[in-house]
Amino acid sequence: VALAPSAAELIAMRQAIEIAQDEAAALGPNPRVGCVILDSDGQYLANGFHLGVGHPHAEIAALEKMNTEVVGTTAVVSLEPCFRSDREQSCSKRLVEAGVKRVVIGQLDESAKAQGGAKYLADNGVEVVVGAMTEEAAAINPWFTKSIKLKRPYIRIKIAASLDGRVAAADGSSKWISGNPARDYVHQLRSEASVVISTIRTAQIDQSRFTARNTDGSLKSHQPQILLLGKEKLNSDHLVFQTGNQVDLIDTRDLSSLMKSLYQDQKLSVLIESGPTLATAFIEAGLVDEIIWVVSPILLGNQGIAALGDLGVSNIDQAIRPHVYEISQLGLDTIIKLQFPSES
Ligand SMILES: [Zn+2]
C-alpha cells in the first residue's frame, strides 16, 4: 500500500517549496531544494535549504539546525534525497544514519547522478512517501526538470543586439553594444550555467574571458565550464586560459551529440554566447529552450552583422514564434525573455 502524506506533512512540503526558493539560494547548476523536519506528532522542528554548489544539501542543512533528538523524526523534502553510489556520503545515507523514521518526497530525482535515494531509504527501513505536491516541487527547478525529461542540458541563448537587430558592426566589432547593467546581468546568466558555449572565433574577436564576475570585478562563486567550438587555433596566452576555469576547444558540427554528451557528463544547463552562425545552428536544430534577447538603443544599419542567419523562413507563415514571458528594463537596454515550448 502506497503511503500518503498527512495534512501536517503537506503544510511542511509547502514550506519546503517556499524556502527552496529563498533569495539566497543560487539559481545555479544544482537544483534548489528545501527540507522541513517534523517530530512524530507533525510539529515543526527545523528547516534547511540548498544555497548552491559547494554548500550543504537541504536535508543536511536542516539536520545541522536540529537541537532536539533526530531519531524518529520525519523529513519533508521537495526533491528526493540524493543517493551517490560513487561516494561515501549522500543525503539518503545521512538520513538513515541519523535515525529519521519517515521521509516525504515532492519530486523524484531522475538525474543519473543522484537517483535512487527513495529506494535506498525504503531498503533501510525508512517509511517513504512519494508524490506530495510533485508538480509544485518540480516547478521550482524548471531547467533541471526539463533537462532530465529531454536528456540534454537546458539551453539558453543570449543575444545582445542593436535596435535594428545587429550584433556587430561590419568589421565584427561588438564590444559595449549593451550598457553596464545589462552586462552585469550577462555575468549572472553565466554563473547560472553549468557550461558557457561560444566559438573560438568569437573568443578571438571579443577577447572575452567568459567568466562570471560581480560588478566590482571579483569572481562569482560559481564559474561555468567554457566550451569553444571551431577548428581555429587559440593562442595559449588568450585571456580565457588565464581564468582558472575549465576551457575545452571542440571541433564539431553535431550539436545534438554534443548536448547529449554534456548531459551524460551531468551538465544540466548551458548558456550560448556566440555570433550569429552558432546561434542560428542551435535554433535550427531545435536545441534552444530560452532566448535572452538584449536590445540596446543604438542603430548599426545594414552594414552591421545580423543577429541571426538563415532560418529557412521565406514566408511569414514560416516565422518562428517563441513565447515572450518577461520584458524588463536594465539601464537603457530592454531584456526580452522568450521560451520555446517543450518538444514533447
Ligand atoms: Zn543530497
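Thresholds applied
Residues numbered from 1 in each chain as written. Predicted model: local features only at pLDDT ≥ 70, side-chain atom pairs only at ≥ 80, totals over all residues. Heavy atoms only, no water. Helix = DSSP H or I, 4+ residues; strand = E, 2+ residues; numbered from the N terminus. Rg over C-alpha atoms; globule rule 2.2 N^0.38 Å. Buried < 20%, exposed > 50% of the residue type's maximum accessible area, 1.4 Å probe, protein only. Contact = heavy atoms within 4.5 Å. Areas by Shrake-Rupley, 256 points an atom, 1.4 Å probe, with all protein chains shown as cover. Pairing = 2+ DSSP bridges. Axes fitted to C-alpha atoms, helices over the stretch in contact; angles between N-to-C directions. Donors = N, O, S within 2.8 Å, 3.2 Å for Na, K, Ca; no water. Core = buried A, V, L, I, M, F, W, Y, C linked by side-chain atoms within 4.5 Å. 1 Å grid on protein atoms, 1.4 Å probe; cavity = no way out; pocket = protein on both sides within 12 Å on 5 of 7 lines; lining within 4 Å. Points joined across faces, edges and corners; volume = space filled by probe spheres on them. Nonpolar A, V, L, I, M, F, W, Y, C, P; charged D, E, K, R; others polar. Polar contact = N/O pair within 3.5 Å; in protein donor to acceptor, adjacent residues only side chain to side chain.

J.: Honestly, the overall build of the chain in this entry has me stumped. Any pointers?
T.: Looking only at helices and strands, one finds 10 helices and 15 strands in the chain. Computed over its C-alpha atoms, the radius of gyration of the chain comes to 23 Å, within 12% of the 20 Å expected for a compact globule of 344 residues. Each of the 344 residues in the chain was classed as buried or not, and the buried ones make up 49%. Here the contacts in the chain between residues at least 6 apart in sequence split such that 71% fall between residues at least 24 apart. A total of about 16900 Å² of accessible surface is found on the chain, and carbon and sulfur atoms cover 50% of it.

J.: Any chance you could explain the sheet that holds strand β12 (residues 290-296) here in plain terms?
T.: Strand pairing in a sheet is mediated by backbone hydrogen bonds. Such pairs are either parallel or antiparallel. The mixed open sheet is built from eight strands, whose spatial order is β10-β9-β8-β11-β6-β12-β15-β14. In this open sheet, the two strands that pair with only one neighbour each are β10 (247-250) and β14 (323-330). Looking at each pair of strands side by side, their axes are set apart by 20 degrees on average, direction ignored. Alignment of strand β6 (residues 154-162) against strand β11 (residues 269-272), held across four bridges, turns out to be parallel. In the strand pairing of β11, isoleucine 155 is matched with valine 270. Each of β6, β8 (195-199), β9 (225-229), β10 and β11 touches helix α9 (residues 255-264); the most contacted strand, β9, lies at about 160 degrees to it. The strands that helix α10 (residues 276-284) touches are β6, β8, β9, β11 and β12; relative to β8, the one it contacts most, it runs at about 120 degrees.

J.: Sorry if this is basic, but what is going on with the coordination of the zinc ion here?
T.: Angles between donor atoms at a metal ideally measure 109.5 degrees for a four-coordinate tetrahedral arrangement and either 90 or 180 degrees for a six-coordinate octahedral one. Here the zinc ion is held by His57 (ND1), Cys82 (SG) and Cys91 (SG), and the distances to it run 1.9 to 2.3 Å. Positions of the donor residues of the zinc ion, expressed as sequence spacing, correspond to H-x24-C-x8-C. Taken together, the residues histidine 57 in the loop between β2 (44-49) and α2 (58-64) and cysteine 91 in helix α3 (residues 91-98) connect sequence positions 34 residues apart.

J.: Explain the nonpolar core to me, please; I cannot follow it from the model alone.
T.: Most often, soluble globular proteins keep nonpolar side chains buried together rather than apart. One finds Ile197, Met259, Phe282 and Ile291 to be the most contacted residues of the largest nonpolar core, which totals 27 residues. Taken together, the elements giving at least two residues each to this core come down to β6, β8, β9, α9, β11, α10 and β12. Judged by nonpolar contacts, the second largest core, of 24 residues, contains Cys35, Ile37, Val100 and Tyr263.

J.: So what exactly am I meant to see when it comes to empty space enclosed by the protein here?
T.: Regions of empty space are outlined by a rolling probe, equal in size to a water molecule, passed over the atoms. Per the stated rule, a full pass over the model turns up one cavity of 30 Å³ or more. If one sorts the elements of the lining of the largest cavity by residue count, helix α6 (residues 142-150) sits on top with three residues. Tallied by class, residues from the lining of the largest cavity come to eight nonpolar, four polar and one charged.

J.: What is the right way to read the side chain of aspartate 289 from this model?
T.: Take aspartate 289: it is sitting in the loop between α10 and β12. On the accessibility criterion, aspartate 289 (1% relative accessible area) is buried. Of note is the side chain of aspartate 289, whose polar atom sits 2.9 Å from the side chain of lysine 146. Those residues within four positions of aspartate 289 in sequence are excluded, and the remaining contacts are Lys146, Leu150, Arg152, Pro153, Tyr154, Ile155, Leu338, Gln339 and Phe340.

J.: Could you clarify how one ought to interpret the environment of isoleucine 140 in this entry?
T.: The topology assignment puts isoleucine 140 in the loop between α5 (134-139) and α6. The class for isoleucine 140 is buried, based on a relative accessible area of 2%. Once the C-alpha coordinates of isoleucine 140 and serine 78 are considered, the two residues, 62 residues apart in sequence, prove to be 8.9 Å apart. Those residues in contact with isoleucine 140 that lie beyond four places of it in its chain are Ile17, Ala20, Gln21, Arg32 and Ser78.

J.: Would you explain the pairing of β11 in this entry?
T.: Note on strand geometry: in a regular strand, side chains alternate between the two faces of the sheet. Alternating residues of β11 divide into Ser269 and Leu271 and Val270 and Ile272, and every residue in both groups is buried. As judged from the three bridges shared by β8 and β11, these two strands associate in the parallel manner. In the sheet register, isoleucine 197 faces β11, and the bridge partner there is isoleucine 272.

J.: I tried to follow the layout of surface pockets on my own but got confused; where do I start?
T.: Considering only enclosed or pocket space, the largest pocket measures out at about 1500 Å³ in volume. Lining the largest pocket we find 50 residues, and of these Thr202, Asp206, Glu273, Ser274 and Gly275 sit closest to its centre. Broken down by secondary-structure element, the contributors of at least two residues to the lining of the largest pocket are β6, β7 (166-168), α7 (180-192), α8 (200-206) and α10. Here the lining of the largest pocket takes six residues from α7, the largest share from any one element. Classifying every residue of the lining of the largest pocket by side-chain character gives 18 nonpolar, 17 polar and 15 charged. Considered as a void within the structure, the second largest pocket measures approximately 750 Å³ in volume. If you trace the second largest pocket, you find 34 residues lining it, with Asn30, Pro31, His57, Arg84 and Lys113 closest to the centre. Contributing elements (two or more residues each) for the lining of the second largest pocket: α2 and α3. Ranked by the residues each element gives to the lining of the second largest pocket, the list is headed by α2, at three residues.

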